[in-house]
Amino acid sequence: MCDRPKNTNVRLRLPAVCIVWQTAMIILFGVFIRYNEEADTHWVEYKKEKNIPSDIENDFYFRYPSFQDVHVMIFVGFGFLMTFLKRYSFGAVGFNFLIAAFGLQWALLMQGWFHSLDYTDGKIKIGVESLINADFCVAGCLIAYGAVLGKVSPVQLMVMTLFGITLFAVEEYIILNLIHARDAGGSMVIHTFGGYYGLSISWMLYRPNLDQSSRLQGSVYHSDLFAMIGTLFLWMFWPSFNSAITDHGDGQHRAAINTYLALASTVLTTVAVSSLFQKHGKLDMVHIQNSTLAGGVAVGTAAEFMLMPYGSLIVGFCCGILSTLGYIYITPFMEKYMKIQDTCGIHNLHAMPGVIGGIVGAITAAAASESVYGAEGLINTFDFEGEFENMVPTKQGGHQAAGLCVAILFGIGGGILVGFILRLPIWGDAADDNCFDDEPYWELPEDEESIPPVLQYNNHAINKDV
Amino acid sequence: MCDRPKNTNVRLRLPAVCIVWQTAMIILFGVFIRYNEEADTHWVEYKKEKNIPSDIENDFYFRYPSFQDVHVMIFVGFGFLMTFLKRYSFGAVGFNFLIAAFGLQWALLMQGWFHSLDYTDGKIKIGVESLINADFCVAGCLIAYGAVLGKVSPVQLMVMTLFGITLFAVEEYIILNLIHARDAGGSMVIHTFGGYYGLSISWMLYRPNLDQSSRLQGSVYHSDLFAMIGTLFLWMFWPSFNSAITDHGDGQHRAAINTYLALASTVLTTVAVSSLFQKHGKLDMVHIQNSTLAGGVAVGTAAEFMLMPYGSLIVGFCCGILSTLGYIYITPFMEKYMKIQDTCGIHNLHAMPGVIGGIVGAITAAAASESVYGAEGLINTFDFEGEFENMVPTKQGGHQAAGLCVAILFGIGGGILVGFILRLPIWGDAADDNCFDDEPYWELPEDEESIPPVLQYNNHAINKDV
Amino acid sequence: MCDRPKNTNVRLRLPAVCIVWQTAMIILFGVFIRYNEEADTHWVEYKKEKNIPSDIENDFYFRYPSFQDVHVMIFVGFGFLMTFLKRYSFGAVGFNFLIAAFGLQWALLMQGWFHSLDYTDGKIKIGVESLINADFCVAGCLIAYGAVLGKVSPVQLMVMTLFGITLFAVEEYIILNLIHARDAGGSMVIHTFGGYYGLSISWMLYRPNLDQSSRLQGSVYHSDLFAMIGTLFLWMFWPSFNSAITDHGDGQHRAAINTYLALASTVLTTVAVSSLFQKHGKLDMVHIQNSTLAGGVAVGTAAEFMLMPYGSLIVGFCCGILSTLGYIYITPFMEKYMKIQDTCGIHNLHAMPGVIGGIVGAITAAAASESVYGAEGLINTFDFEGEFENMVPTKQGGHQAAGLCVAILFGIGGGILVGFILRLPIWGDAADDNCFDDEPYWELPEDEESIPPVLQYNNHAINKDV
């Protein structure tokens, strides 16, 4: 039945990778990571010194609710969104859990070295914003997981995450710090990068005989409902995602409103296109589960700008249409002609809307004016300070576009590189006819049908009215 | 088998409605909706001008955590609560998603025209409180959806939502602004209105032969568990619902405490009545899923008042009993004798507890005194300011009662009106023997049983120890 | 088939207990419980009097987001974590709901008498922190429920909760107030106590013939997924649990960071051990569902201290290993040789990690120094004020250890005592061959397989393109 029996036993490899990497994390954290001044017991003194009037000014209270929402998106949102396959739900939610838990530690280090290294003592100082950024960084790798879902081993996923986080931190540094692009919701940095990273890896790991496991590529009624849990938590908390690290005050406020509106608009156009392009006008759960989120991706960069409520609606409107059409036309096309097998359709949910988001961000930035933003507002929103004091909106638009290109290049280049590594025959991935199946990596419970109904109800008789 | 084949194909109608209405939203938002001063980049200047000492005073930080909880209630809470039917879970969570996403946009406009129109420039200025109010407004329509669940087409739902939001905004304006009733948690404005609106529509759409689909009217084991996800998120976040738009400080604090207590009390009496009225004392999941929430509904109006912790417990105590008895006696009675088919029992969960909540609110308001509230507290809590400077508690109690009547009248009158429209034979609703079935409107996956077990486990042999 | 038919009909007993206890709560709340000054309408005056500059300083805004996260952990987290059994999911989530709703009311009273009694008027004054503490108190009893899951009646659970909350409040008062141990995340007070309380009760209720219901002791594919919902919400919100009642500012901030890190580390070592100790290296869902949480338990006491990020990782590292080994070796050992049947393995998830947490707390406290904490930081963190002004870290370490002993003693002693009461043959518990079955206490829906597929799809033909 299977072309070539493969050894999917990861009994030594997976534990070895987990233990070695976790030990490395402990050592590196010991050397490098400390609390920042807002999480350290010296906060009492810091507060006095800086004349901070109250504990409520601690960044914790500005960002912790958003952080928790983002955290839910990472673990429940991404995890359950991928449970739609009838027999890969354990792998979806379980491996998502594993790589996110590893990735966030590595992200704290990688992002710390680039962004929050305290040069006075050589330590990285972390606070709640670092946790959010680590979760963001992880999101990039979880997006990539969507493309290879069901086709890789957990060891491969760990490797993919290690490199993914590393590449992410570098591209993020280049885009945000060197190029000085703004990308609060990560349309470019997270979604474009993560999308192309995953698609390139999937291209490198192309399986010509994947149809051998086609019997497992669909969903069942209840697995689709589990996936809706993921969809809805992503959809509901996306305003927190896009506003989590924007400026205090109006920045967070505006980003949340824009995202809320873009997502609402996407739902209607997704439903419209899904119904229009199906026989009998029936809705397809794949579209409802995925395309309804495209607006949140596409509004990521511009959410903190003065995109205006109607602008957000327009972005969502277009993305719902494009993303759903992507599921209907582009995914099959890519599989057939480009040898890219994209299990979750991340091209339509992340890559393409991410690029749109980058473009929308560039245009919105280029069109910014003092009359709309106010003099101070313009400087604050685009951070035209320090070495970028002389920046102007039109130029900022160019920088945004440059940032988008860097994200695409890092995604494709990094994906091809990592794909090469993942093709080594040492990682314990499954054979073509064993894909999309939890069986190789999970102890599975007996089947539901095997509960003998006679045993379940044989005690009815002994329940008597008192 | 079916009396009269009906055309449930919505391939042109549903996309047309979605695209046209979303386009209308974009145009109206473009003309009318802008950010308010706390979400606009001019916040920096506004802050200085108004001597606001810190970004943390932005309303975003007072209300965003509550907003997110309310958002979860709308999409996961209402959506999953209705997944209990064995074969209508896609419709429950999917159509809930669709109409909520549309409704909140229309609500921002409708409520905006009544409540936050800036007369200097003719624009509606929105912020986080507007988002909460839009979600509230949507809740009224989702309640109504519960009565007609499984019996209407998505196009009908869109029409029902369009009118529902419109009616809601008008009755809310009359009750809160003209009558000056207080209703922070929406016992009257949301639950009473939404409940009677849905029941009246269901009455207008009475299906005498609905028993033809009785095979699909029950739950299965796992669909009941999915519904419990909805129940619990509604239950847990109800304190946020009732406190989301109350006064900063003690108002939000007190509303959360009162709701927490009322809900706890409801659980115990629901369990008691459910067990007492069933053969063998067994609990019924319908009661646990629904009646446990009645206390949150009934405490909605009075939650911000000095109801006192024991007062909240009493309200919850009574509502748990009444709501469960409603499921046991009133729902079958209404179906048999009043021709009201109430799929989710919204009469017992929303309409009746909503009326109780209105009455509790009127009594609590009438009994308010300076000795309990303090002089300033009384004025703040009941907003005895401006043109209502000379209001006194007893009179306020009368206004509350008047508000309740308006909510009932709008619910019944609006429901009958909209029911007439929905009876037009153009909306693509299903035949009687095709109700409670996702099949007419959703592409359904193959059945779970059809996975050949032999294929699932045929690769055991090739896993060898390394 | 069953050795001795047992009467599981709770039709009179369960309603009686619920109604009587809820009535008692109303009376006691009427006599004792009022709002505290931050939730009372006198807040306006209080604010002026105390020169509090803004409503945002109300404790509500410091703690409400954490409270809501804790609330989700109690109801969805604990509730769904226990749904893993194939036919006891209603009992898991439903009885969890019942006893938590009762327990939190009783906890407000018990903890109130010990902690927030206002001696001027003899009233307990509650606010958002009281709600969090009540939820914490309930957590202890829900942990204990895990040990007896599927083997007790709801009436027994109510009794177990009544005594559990009472014992909890006393041991908490002794540990926190008399001994002056610190335990913000409740490693000792909640997890150690709750764990040993449950294990002792399970020991007292030992069922030698429990294997008669072994057919129901496993999971099915989708019940394992429902349990993952519980796992993930516990895992994600644990940082809020451990930081919910710590000091404003750096205290909450640091506790959240430490917990986030400890939990991440636990996931990797759990996966490693689970894979290493299974045939073929396959992962076991039991471990992923439970052991991944052990790090959050073990970091509970020390989370608010300067444990350092790497310290948190080390705690998580060890607990992942120990907890998973516990599931593999200790649980079967305890069942076979110690007559302790621990359905959910609470020994490995709560008792043992709780003890580790107590020890880590003692060591971290004893090692505290002014050079690390700062002079003021040391006093604030350990509350070396008032009568404990002359306390030093090393002595504090001893007090922490003493607190741990008290928690263990209360857990074991209380459990044995309550176990005696629960052995009375009046509570309606199920026979041995009827355990782990929802059938005795719940109206169950017909089985999923019984939907005739022909009925589901018989209307395909009538859907025609328009």
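Residues numbered from 1 in each chain as written. Chains lettered and ligands numbered in written order. Predicted model: local features only at pLDDT ≥ 70, side-chain atom pairs only at ≥ 80, totals over all residues. Heavy atoms only, no water.

Going by an unreviewed UniProt entry, chain A carries the name Rh family C glycoprotein and comes from Acanthochromis polyacanthus. A UniProt comment under Function (unreviewed entry) is attached to chain A, and it reads "Functions as an ammonia transporter. May play a role in the elimination of ammonia in the gill." What UniProt records for chain A under Subcellular location (unreviewed entry) is the sentence "Cell membrane". (UniProt positions renumbered as here; feature names shortened; annotations may be inferred.)

Visitor: Kindly report on the overall build of chain A, identifying the contributing residues and their values.
Guide: Across its full length, chain A carries 17 helices and 3 strands. Relative to the 2.2 N^0.38 estimate, which gives 23 Å for 466 residues, the radius of gyration of chain A is 23 Å and therefore close to what a compact globule would have. Going through the 466 residues of chain A one by one, you find that 69% of them count as buried. Looking at chain A alone, contacts between residues at least 24 apart form 81% of all its contacts between residues at least 6 apart. For chain A, the distance from the average site of its 25 positive side-chain charges to the average site of its 43 negative ones is 8 Å. (Helix = DSSP H or I, 4+ residues; strand = E, 2+ residues; numbered from the N terminus. Rg over C-alpha atoms; globule rule 2.2 N^0.38 Å. Buried < 20%, exposed > 50% of the residue type's maximum accessible area, 1.4 Å probe, protein only. Contact = heavy atoms within 4.5 Å. Lys, Arg positive; Asp, Glu negative; His and termini not counted. Charge placed at Lys NZ, Arg CZ, Asp CG, Glu CD.)

Visitor: Let's hear about the relation of the copies chain C and chain B: which residues, and what values?
Guide: Superposition record for chain C on chain B: RMSD 0.0 Å, screw rotation 120 degrees, translation along axis 0.0 Å. The two molecules are tied by a three-fold rotation axis, judged by turn and shift. No C-alpha of chain C lies nearer the rotation axis than that of C:P65, which sits 3.6 Å from it. (Least-squares fit on C-alpha atoms with pLDDT ≥ 70 in both.)

Visitor: Got a sec to walk through the interface of chain C and chain A? Specific residues and values, please.
Guide: Each partner contributes to the interface: chain C provides 95 residues, whereas chain A provides 94 residues. Across the chain C/chain A interface, buried area totals approximately 8,400 Å², and carbon plus sulfur atoms make up 67% of it. In this assembly, chain C and chain A are joined by 2 salt bridges. The salt bridge involving C:K282 is made with A:E439; its shortest N-O contact spans 2.9 Å. On the surface where chain C and chain A come into contact, there are 23 residue pairs in polar contact (both at pLDDT 80 or more). (Buried area = accessible area lost by both parts, 1.4 Å probe. Salt bridge = Lys/Arg side-chain N within 4 Å of Asp/Glu carboxyl O. Polar contact = N/O pair within 3.5 Å; in protein donor to acceptor, adjacent residues only side chain to side chain.)

Visitor: Which residues make up helix α5 (residues 128-148) of chain C, and what values go with them?
Guide: Taking 1.5 Å of rise per residue, 21 residues should cover 30 Å, and α5(C) covers 31 Å from first to last C-alpha, within 8% of that figure. C:G150 lies just past α5(C) and shows a positive phi near 85 degrees. (Expected span 1.5 Å × (residues − 1).)

Visitor: Account for helix α8 (residues 221-243) of chain C, naming residues and giving values.
Guide: All names here are of chain C. With 23 residues, α8 extends 34 Å between its outermost C-alpha atoms, agreeing within 8% with the 33 Å of an ideal straight helix rising 1.5 Å per residue. At F237, α8 shows its strongest bend, of approximately 50 degrees, with the proline P239 following within four residues. Within α8, 23 of the 23 residues are buried, leaving the element largely enclosed by the surrounding structure. (Bend = angle between axes of the 7 residues up to and from the residue.)

Visitor: So what's going on with the interface of chain C and chain B? Residues and values would help.
Guide: Opposite the 94 residues of chain C that make contact, chain B presents 97 residues. The three residues of chain C that bury the most area against chain B are C:Y35, C:T41 and C:F97, which together make up 9% of that side's buried surface. Applying the counting rule to chain C against chain B returns 2 salt bridges. Between B:E376 and C:K48 there is a salt bridge; the shortest N-O distance is 2.4 Å. For the side of chain C that touches chain B, the secondary structure elements donating two or more residues are α1 (13-32), β1 (33-35), α2 (43-49), α3 (59-81), α4 (89-115), α5, α8 and α17 (453-456) of chain C.

Visitor: Give me the sheet that holds strand β2 (residues 117-118) of chain C: which residues, what numbers.
Guide: For sheets, the rule is that strands pair by backbone hydrogen bonds, running either parallel or antiparallel. All names here are of chain C. Spatially, the 3 strands line up as an open sheet ordered β1-β3-β2, and their pairing is mixed. With one partner strand each, in any of the chains shown, β1 and β2 form the two edges of the open sheet. When β1 meets strand β3 (residues 123-126), the two strands line up parallel, connected through 3 bridges. When the sheet's bridge partners are listed, R34 is paired in β3 with K125. Where α1 meets the sheet, it contacts β1 and β3, and its direction lies at approximately 55 degrees from that of β1. (Pairing = 2+ DSSP bridges. Axes fitted to C-alpha atoms, helices over the stretch in contact; angles between N-to-C directions.)

Visitor: Explain the sheet that holds strand β1 (residues 33-35) of chain A to me, using residue names and the numbers behind them.
Guide: All names here are of chain A. Pairing is mixed across the open sheet formed by 3 strands, whose spatial order is β1-β3-β2. The open sheet has two edge strands with one neighbour each: β1 and β2 (117-118). Of the strand pairs in this sheet, β2 and strand β3 (residues 123-126) are connected by 2 bridges, and their pairing is antiparallel. Looking across to β3, one finds that L117 is bridged to I124.

Visitor: Describe the pairing of β3(A), and please don't skip the residues or the numbers.
Guide: A one-sided burial pattern is seen for β3(A), the buried positions being A:I124 and A:I126 and the unburied ones A:K123 and A:K125. Once β2(A) ends, the chain turns through 4 residues before running back antiparallel as β3(A), passing A:G122 with a positive phi of about 70 degrees.

Visitor: An account of the UniProt feature "domain: Ammonium transporter AmtB-like" (unreviewed entry) in chain A is needed here, citing residue identities and associated values.
Guide: UniProt annotation of "domain: Ammonium transporter AmtB-like" (unreviewed entry) refers to residues 60-424 of chain A when read in the numbering used here. Secondary structure across residues 60-424 of chain A comprises 73% helix and 2% strand; the distance between its end C-alpha atoms is 44 Å.

Visitor: Outline the nonpolar core, supporting the account with residue identities and numerical values.
Guide: Membership of the largest hydrophobic core comes to 483 residues, with the highest contact counts inside it found for A:F233, B:F233 and C:F233. Sequence-distant contacts of A:F233, defined by excluding residues within four places in its chain, comprise A:V72, A:M73, A:V76, B:V72, B:V76, B:F233 and C:F233. (Core = buried A, V, L, I, M, F, W, Y, C linked by side-chain atoms within 4.5 Å.)

Visitor: Describe the packing of α8(C) against helix α9 (residues 250-276) of chain C, naming the residues involved and giving the relevant values.
Guide: All names here are of chain C. Two numbers describe how α8 lies on α9: the axes approach to 8 Å, and their chain directions differ by 145 degrees. Between α8 and α9 lies a crossing of right-handed hand. Note on element contacts: α9 touches α8 through Q252, A255, A256, T259, Y260, L263, A264 and V267, opposite W235, W238, P239, N242 and S243. Its residues assigned to classes, the contact of α8 with α9 shows 9 nonpolar, 4 polar and no charged. (Left-handed = near helix turned anticlockwise from the far one by under 90°. Nonpolar A, V, L, I, M, F, W, Y, C, P; charged D, E, K, R; others polar.)

Visitor: A description of the UniProt feature "transmembrane region" (unreviewed entry) in chain A should follow, citing residues and the corresponding values.
Guide: Residue and element names in this part refer to chain A. Per the UniProt record, "transmembrane region" (unreviewed entry) is found at residues 12-33, 88-109, 155-176, 188-206, 226-245, 257-277, 310-330 and 401-422. Structurally, residues 155-176 comprises 100% helix and 0% strand, and the distance from its first C-alpha atom to its last is 31 Å. Helix makes up 90% of residues 226-245 and strand 0%. Its end C-alpha atoms lie 29 Å apart.

Visitor: Could you give me a rundown of the pattern of salt bridges, with the residues and numbers involved?
Guide: Residues and elements named next belong to chain A. For the structure shown, the criterion picks out 36 salt bridges over all chains. In this structure, D121 engages K125 in a salt bridge whose closest nitrogen and oxygen atoms are separated by 3.1 Å. Under the relative-accessibility criterion, D121 is labelled partly exposed at 38%. Because the salt bridges share partners, they merge into one network encompassing D59, R63 and E129.

Visitor: Tell me about a nonpolar patch on the surface, residues and numbers included.
Guide: A cluster of nonpolar side chains, contributed by A:L12, C:L276, C:F277 and C:Y329, occupies part of the molecular surface with about 390 Å² of accessible area. Inspection of the secondary structure assignment puts C:F277 in the loop between α9 and α10 (285-290). Overall, C:F277 belongs to the partly exposed group, its relative accessible area being 35%. (Patch = residues over 30% accessible without salt bridge, like charges linked within 9 Å, V, L, I, M, F, W, Y side chains within 5 Å. Areas by Shrake-Rupley, 256 points an atom, 1.4 Å probe, with all protein chains shown as cover.)

Visitor: How would you summarise the packing of helix α6 (residues 154-178) of chain A against helix α7 (residues 187-204) of chain A if you had to cite specific residues and measurements?
Guide: All names here are of chain A. α7 packs onto α6 with a crossing angle of 140 degrees between their chain directions and a minimal axis gap of 10 Å. In terms of their interaxial angle, α6 and α7 are classed as oblique. Crossing angle aside, the handedness with which α6 passes α7 is right-handed. When α6 is examined against α7, the residues M160, F163, G164, L167, F168, E171, E172, I175 and L176 are found in contact with a partner set consisting of M188, V189, I190, F193, Y197 and I201. (Parallel < 35°, antiparallel > 145°, perpendicular 65-115°, else oblique.)

Visitor: Could you give me a rundown of the environment of C:G185, with the residues and numbers involved?
Guide: Residues and elements named next belong to chain C. Among the secondary structure elements, G185 is positioned in the loop between α6 (154-178) and α7 (187-204). Accessibility expressed as a relative area gives 0% for G185, which makes it buried. Note: C-alpha distance between G185 and T301 (116 residues apart in sequence) is 5.4 Å.

Visitor: Outline the state of the cysteines, listing residues and values.
Guide: One way to say it: the disulfide is the covalent bond shared by the sulfur atoms of two cysteines. Residue and element names in this part refer to chain A. Scanning the entire structure with this criterion turns up 0 disulfides over all chains. C141 forms no disulfide, and the closest cysteine sulfur to it belongs to C137, at a distance of 6.3 Å. Free of any disulfide, C405 has its nearest cysteine sulfur in C319, 18 Å distant. C405 sits in the partly exposed class, given a relative accessible area of 44%. (Disulfide = S-S within 2.5 Å.)

Visitor: Outline unusual backbone geometry, supporting the account with residue identities and numerical values.
Guide: Even without glycine at this site, A:K339 takes up a positive phi of about 55 degrees. The phi angle at C:N51 is positive, at roughly 55 degrees, despite the residue not being glycine. Within the secondary structure, C:N51 sits in the loop between α2 and α3. Overall, the relative accessible area of 67% leaves C:N51 in the exposed class.

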